[in-house]
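A look at the structure
Chain by chain, the residues:
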There are 4 protein chains.
Amino acid sequence: MQNDPFVIGGKVLNSRLFVGTGKYPDNRMIRQVVDASGAEVVTVALRRVNLSSAEENLLRFVPEHCTLLPNTSGARTAEEAVRIARLARAAGCGDWIKIEVIADQKYLLPDNEETLKATRMLVDEGFQVFPYICPELMCAKRLQEAGATAVMPLGAPIGSNRGLQTRALIQILIDELDVPVIVDAGIGAPSHATEAMEMGAGAVLLNTGISSAADPVGMAEAFGLAVRAGRLAHRSGLGATSSVANASSPLTGFLDETARA
Amino acid sequence: MQNDPFVIGGKVLNSRLFVGTGKYPDNRMIRQVVDASGAEVVTVALRRVNLSSAEENLLRFVPEHCTLLPNTSGARTAEEAVRIARLARAAGCGDWIKIEVIADQKYLLPDNEETLKATRMLVDEGFQVFPYICPELMCAKRLQEAGATAVMPLGAPIGSNRGLQTRALIQILIDELDVPVIVDAGIGAPSHATEAMEMGAGAVLLNTGISSAADPVGMAEAFGLAVRAGRLAHRSGLGATSSVANASSPLTGFLDETARA
Amino acid sequence: MQNDPFVIGGKVLNSRLFVGTGKYPDNRMIRQVVDASGAEVVTVALRRVNLSSAEENLLRFVPEHCTLLPNTSGARTAEEAVRIARLARAAGCGDWIKIEVIADQKYLLPDNEETLKATRMLVDEGFQVFPYICPELMCAKRLQEAGATAVMPLGAPIGSNRGLQTRALIQILIDELDVPVIVDAGIGAPSHATEAMEMGAGAVLLNTGISSAADPVGMAEAFGLAVRAGRLAHRSGLGATSSVANASSPLTGFLDETARA
Amino acid sequence: MQNDPFVIGGKVLNSRLFVGTGKYPDNRMIRQVVDASGAEVVTVALRRVNLSSAEENLLRFVPEHCTLLPNTSGARTAEEAVRIARLARAAGCGDWIKIEVIADQKYLLPDNEETLKATRMLVDEGFQVFPYICPELMCAKRLQEAGATAVMPLGAPIGSNRGLQTRALIQILIDELDVPVIVDAGIGAPSHATEAMEMGAGAVLLNTGISSAADPVGMAEAFGLAVRAGRLAHRSGLGATSSVANASSPLTGFLDETARA
């Protein structure tokens, strides 16, 4: 079980946990959190990358060995997302891009149609595209055909910490797609991350699950362990469930037999 | 977060995962599983401990540094459980004893009343008593008063791999008791173990979750990670859940602001 | 499907919904609620039955055709429950008695051991005994052997409106007992009541699900329909579930065939 | 609570249960099922409507007072769906049309993009359009803008009887849309239908929940009651849930006070 790298977007990763950088009271905590989690991919909202001033640049808190996954948070249309993606690449953030196109401000649900449009454009421009979507199978298949690097269905609304409320739909995506399924949004406890990985997800991305913890650094380490546990469980083949009991130990004969002994 | 030993029954443990020894095709796998899991407490059905012949003795497959937790599997009454416990101690298995009194052969549910009776007798005889129970609060409180070392409520029927189907009742036990609550039975996937630990369980005990896996040794390692993840999450304080979204990243102003930049 | 009476405790009932009388701002609403629900069994806390003054007597708000099920709410021991039961009978409330023995004031969970003790005493005195319990199979079997008329496991803590959180344990009781299982406590929405009846419960008892509604009389009618729906579904044999889809309509050939037509 | 008609698509309905006509061993059962359910809207796959021969015409088994909701089952593209819709209207099935565009044969999941396309075309042609979709908010909003009469999100794959596995997403649709949300597919037990209606669904549509029952006619009646229960519960305002108990009856003082009496 030693050798299980995650090969994606031209990189070889040792961790299947991707983390965000939002909502920390002090940006210096970002480095501690990333280090404790073991994450090698870090998502940042380009809005928060100060392109002109080194002082306040969020990027200086991201460990150097990490791959950046800039996101298009703030985009309401495919065109806005594409524009943000280009800015990110021009700013030296690399060619990975997480597409977030969100038109609803209450639940922050992704707009699958606009996301697909943006994906098509950005794949053509040579990006590694990670679209954040509502788990709809046909859209996911079209994203795959369009050349998306992975698809990122939501488990529950962003920041809600509610876990895999769309579990049934995510399982179908995992079963039916060839590209990795990276569960994003809603993962609020390590057990949610373990469950997603047990189901066969390629990775998980989360931010609030860590940043809203009483001790974010401890929680980051917990999520790192949880993702490894879930991945290893998936590879080791979970046992079947049953509706009645199955004895772990022999149940009869003990007393008679020891009496004879 | 380094220093988090589990002090119980006069021992200091580094792992909060207890494992069983049943249902392996070859007993030699037991040592590999225990080692991979990191468990320091191993439960054995005394029925399977051949008291006279070293050849077939299950115990020789249990690593030496582990604490034995013999169980009274096969007992249908308090008296039978007490008799088995005494035999276990006489056979050199130490003074820890897991009481299983089971009168129902379909679901293998514990008999709380007989278990309480056996606990009272065995505490008086100096045992460290770990009673396996249906999660009923008043019985659990009486076990605590009687001097039980921990209480072990079931998550689901033994060997069913169904997870924490009694979650609400277990949470009440955790909140209301002073002794550790060790979740036993039903834990079939690492995510179940993580969840139990997040809730504040002291430890988890499982057997079928590992033995029914395609690769039990890999699954044992997965459970070891999962228990550590859940414990660390509990100590790090899980964030609150919400019914609407909470933005991880700022959502508005991006384009305008960069336009101005 | 017309003829499905519920024969219990020497009565023939047309409704499998039992309702409580607590927490109404005005006792006059009790009659409206009972009528709207169709319930024929009404539980009252004997504490609230003013034995000396007709003015404030709760009982005058219970329709005459209903069977009273006085409960021993307030009892902390078997002895207290027995004493309340005798007072109830002496006060003319009949020989049905719901045993509530509760020692925990936070979750109001029943004390199975004391409840069993009280049941044995009251069956001997000729009562029809309805014990409220935590769903533990062996206790339920002992109650049945002791002559209980039914067993009443909780779905969730009293007044929590959380539904069937103990569903797995209740299903086992239903499958393994001969006496009716009446699900009590926690049923907060009609869908919970329907689910309990689909599982094979004999009846459901609830109070807060109705009294906490914005319109208790409308909700009482809704629960009456829900219980009938669930019972009829149980008798009609629910279809099996599957993990993939099963077409309701033919999926192929349509266009070709109509083209040929 | 008497007056609660469902005004939709130019009709005034007394029942919020829509039923299908597939998978009955004998078409004569259709009329019995529809009558027992109280449904006033019946969906039929146009493929099964023999347009030339009265002998085998499914439609003669649908009670006359019912509104037909022909569906485009079998369509894999918007164009095919549109073509089927026109055939249905030409055949005298009226101007209501349920759009099913399905490209996946394992889970029979709807294709939201093609469904939106077909909806736009058919609204322009004067149809009352009921699109069957995966519950994605932005698509649902576009369908509403396009003039759909309702949206019909799936609870679980067609015919799976698994209930509201997409519950969280459906609740968001109900909260955010002005057109009725009619839950379709996956509803396998009356409790599922009650739950959907409690959440605020406008109606539910189901077929397999009835046709796969041991006694379909009894189950049809059960679903009719369940939908009424859920709708009435929604209008009556469900009470809040709590994590601890709330006493229905006073818990203290009983014995002292009666002792004083």
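Just so you know, these numbers come straight off a predicted model, no measurement behind them.

This part takes up the interface of chain B and chain C. Each partner contributes residues to the interface: chain B has 26 residues there, and chain C has 26 residues. Approximately 2,200 Å² of surface area, both sides summed, lies buried where chain B meets chain C, with 64% of it carried by carbon and sulfur atoms. Taken together, the links from chain B to chain C amount to six salt bridges. Arg142(B) is the partner of Glu113(C) in a salt bridge, and the nearest nitrogen-oxygen pair spans 3.7 Å.

Once that is clear, we can look at the packing of helix H2 (residues 78–90) of chain D against helix H3 (residues 112–124) of chain D. All names here are of chain D. At a minimum axis distance of 8 Å, the contact between H2 and H3 shows a crossing angle of 40°. With respect to H3, the axis of H2 lies oblique. H2 and H3 meet at a crossing whose hand is right-handed. When H2 is examined against H3, the residues Ala78, Glu79, Ala81, Val82 and Ala85 are found in contact with a partner set consisting of Glu114, Lys117, Ala118, Met121 and Leu122.

Moving on, we come to the relation of the copies chain B and chain C. Of the transformation superimposing chain B on chain C, the axial component is 0.0 Å and the angular component is 180°, with the fit at an RMSD of 0.0 Å. Classification of the inter-copy transformation places it as that of a two-fold axis. Across chain B, the smallest distance between a C-alpha and the rotation axis is recorded for Thr166(B), namely 2.9 Å. A symmetric contact is evident, with 100% of the interface residues of chain B recurring at the interface of chain C.

On to the UniProt feature "binding site: 1-deoxy-D-xylulose 5-phosphate" (unreviewed entry) in chain A, then. Residue and element names in this part refer to chain A. Following the UniProt record, the feature "binding site: 1-deoxy-D-xylulose 5-phosphate" (unreviewed entry) maps to Gly159, Ala185, Gly186, Asn207 and Thr208 here. Over a stretch of 50 residues, the named residues converge on one spot in the fold, their C-alpha atoms separated by at most 9.2 Å. Tracing the sequence through the fold places glycine 186 in the loop between strand S9 (182–184) and helix H6 (190–198). Of the residues examined, glycine 186 reaches a relative accessible area of 5% and is grouped as buried. Relative to the helices and strands, asparagine 207 is located in the loop between strand S10 (203–206) and helix H7 (208–211). A polar contact of 3.2 Å, which involves the side chain of asparagine 207, links it to the backbone nitrogen of glycine 22.

Rules and cut-offs
Residues numbered from 1 in each chain as written. Chains lettered and ligands numbered in written order. Predicted model: local features only at pLDDT ≥ 70, side-chain atom pairs only at ≥ 80, totals over all residues. Heavy atoms only, no water. Contact = heavy atoms within 4.5 Å. Buried area = accessible area lost by both parts, 1.4 Å probe. Salt bridge = Lys/Arg side-chain N within 4 Å of Asp/Glu carboxyl O. Axes fitted to C-alpha atoms, helices over the stretch in contact; angles between N-to-C directions. Helix = DSSP H or I, 4+ residues; strand = E, 2+ residues; numbered from the N terminus. Parallel < 35°, antiparallel > 145°, perpendicular 65-115°, else oblique. Left-handed = near helix turned anticlockwise from the far one by under 90°. Least-squares fit on C-alpha atoms with pLDDT ≥ 70 in both. UniProt positions renumbered as here; feature names shortened; annotations may be inferred. Buried < 20%, exposed > 50% of the residue type's maximum accessible area, 1.4 Å probe, protein only. Polar contact = N/O pair within 3.5 Å; in protein donor to acceptor, adjacent residues only side chain to side chain.

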